[in-house]
Amino acid sequence: TTRIVLASRPQGAPVAANFRLEQVPLPALGPGQVLLRNRYLSLDPYMRGRMDDGPSYAPPVAVDAVMEGQTVAEVLQSQAPGLAVGELVLAPGGWQTHAVVAGDAISRHLDPAGLPLSTALGVYGMPGFTAYSSLIEIGKLQPGETLVVAAASGPVGATVAQLAKLQGARVVAIAGGEAKRAYLETLGVDVALDHRASGFAEQLSAAVPDGIDVYFENVGGHVLDAVLPLLNDFARIPVCGTIATYNARGVAQPGPDRLPALFSQILRQRLTVRGFIVHDFKHLWPEFERDMPQWLRDGRIKYREDVVQGLENAPEAFFGLLQGRNFGKLVVKLD
Ligand code: NDP
């Protein structure tokens, strides 16, 4: 198999030297295992966290180990019950062309006649379900309320924005750059903003005349700064990601300590600020699996993918993901 391993841990932003492309023989297939050929590899922001050795909700990737990642894969050999040769599955296949994994680790069988296979990594997979489940569990959006979401051309943000429109909310969607901003308008949001534009904070303020009831937090940073003064009492903030700081070293940032003011605001305005990991909401998967294909087929939910060709191009594409160079759900096509 050709694979990419973590060669060293990054100091700040990851660089090419943190990865190593290598060829190794495949291990022999043991009982209960399957041999997979990976067709699509998902690249996701959480992978930045796996490169660091520190406390998190999941253990880090070990140095010299293959980078973790979900794949759409084909079963080439099987010693696992219920997994036949030729079947297409969603698997923890990693950054490699082939993988030997335990049959138990395979979470979904995919229908080759159904939606495009790559959607199992995006809008009809983990990121789409992240949007769907946390909006229900934490957003508790009411018709007529105002929702704001950034990273809104990506699989989480675009799904949040469109689900919120279906639920009758006023939606302000934010992305970086004019091309992405223009794309957001095609999703039917009420206002689309470019967070890199000068005067972004004023534009956001003007876009929410009734304040913000739900801020779906994907990014942190200067977008969060612009949002905080505009929140309504009892606003809900599902804290999904803070990608603006994934490459930051250390916790302390220079400048005044804003933590007391933030906690005071949470109290005064009775804000709900709740972090979550998508796995917290597994109980909602059956209804998501039932409804999302229908919404995709009838065009109520649209999605965009950014498909990169070839495993060797995965590191560069991953660096771009952390800086907004991807435009839509980032996947690597491996065949
Ligand atoms: P995206 O495809 O949206 O890619 C990330 C985007 O973040 C970039 O394209 C860029 O978009 C934006 N971004 C990067 N840096 C900044 C910045 N400094 N300020 C504002 N925006 C920035 O990724 P996903 O949809 O896969 O993920 C979105 C978020 O959801 C991430 O934070 C991710 O970690 C989180 N997540 C959390 C899960 C959970 O279980 N809690 C599960 C899945 C995802 P732009 O060019 O528009 O700025």
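Thresholds, definitions, all that
Residues numbered from 1 in each chain as written. Predicted model: local features only at pLDDT ≥ 70, side-chain atom pairs only at ≥ 80, totals over all residues. Heavy atoms only, no water. Near = heavy atom within 4 Å. Polar contact = N/O pair within 3.5 Å; in protein donor to acceptor, adjacent residues only side chain to side chain. Areas by Shrake-Rupley, 256 points an atom, 1.4 Å probe, with all protein chains shown as cover. Helix = DSSP H or I, 4+ residues; strand = E, 2+ residues; numbered from the N terminus. Domains from an automatic or database assignment. Contact = heavy atoms within 4.5 Å. Core = buried A, V, L, I, M, F, W, Y, C linked by side-chain atoms within 4.5 Å. Buried < 20%, exposed > 50% of the residue type's maximum accessible area, 1.4 Å probe, protein only.

Visitor: Describe the site of the ligand, with residues and values.
Guide: Near the ligand lie 28 residues; those nearest to it are G176, K180, H195, Y246 and N326. Here an oxygen atom of the ligand and a side-chain polar atom of K180 are 2.6 Å apart. Here an oxygen atom of the ligand and a side-chain polar atom of Y246 are 2.7 Å apart. Expressed as a share of its isolated accessible area of 900 Å², the protein-covered part of the ligand is 91%. Mapped onto the shell around the ligand, the elements with two or more residues apiece are α2 (126-139), α3 (155-166) and α9 (314-323). Here the shell around the ligand spans two domains, and each of domain 1 (2-122 + 304-333) and domain 2 (126-280) adds at least three residues to it.

Visitor: Which residues make up the side chain of Q269, and what values do they have?
Guide: As for its position among the elements, Q269 is in the loop between α7 (259-268) and β13 (272-275). Excluding residues that lie within four positions of it along the chain, Q269 makes contacts with L231, N232, D233 and F234.

Visitor: Lay out the environment of V331 with the relevant residues and their values.
Guide: Inspection of the secondary structure puts V331 in strand β15 (residues 329-333). A C-alpha to C-alpha distance of 18 Å links V331 and L21, two positions 310 residues apart in sequence. Sequence-distant contacts of V331, that is, excluding residues within four places in its chain, are made with Y40, L41, L121, D306, V307 and V308.

Visitor: Describe the nonpolar core, and please don't skip the residues or the numbers.
Guide: Counting residues in hydrophobic clusters, the biggest one holds 39 residues, and the most contacted among them are L147, V160, L184 and M292. At six residues, the largest contribution of residues to this core is made by α3. When sequence neighbours within four positions are dropped, the list of residues in contact with L184 reads A152, S153, A173, I174, A175, V189 and A192. Of all hydrophobic cores here, the second largest spans 22 residues; its members include A150, F200, L228 and L231.

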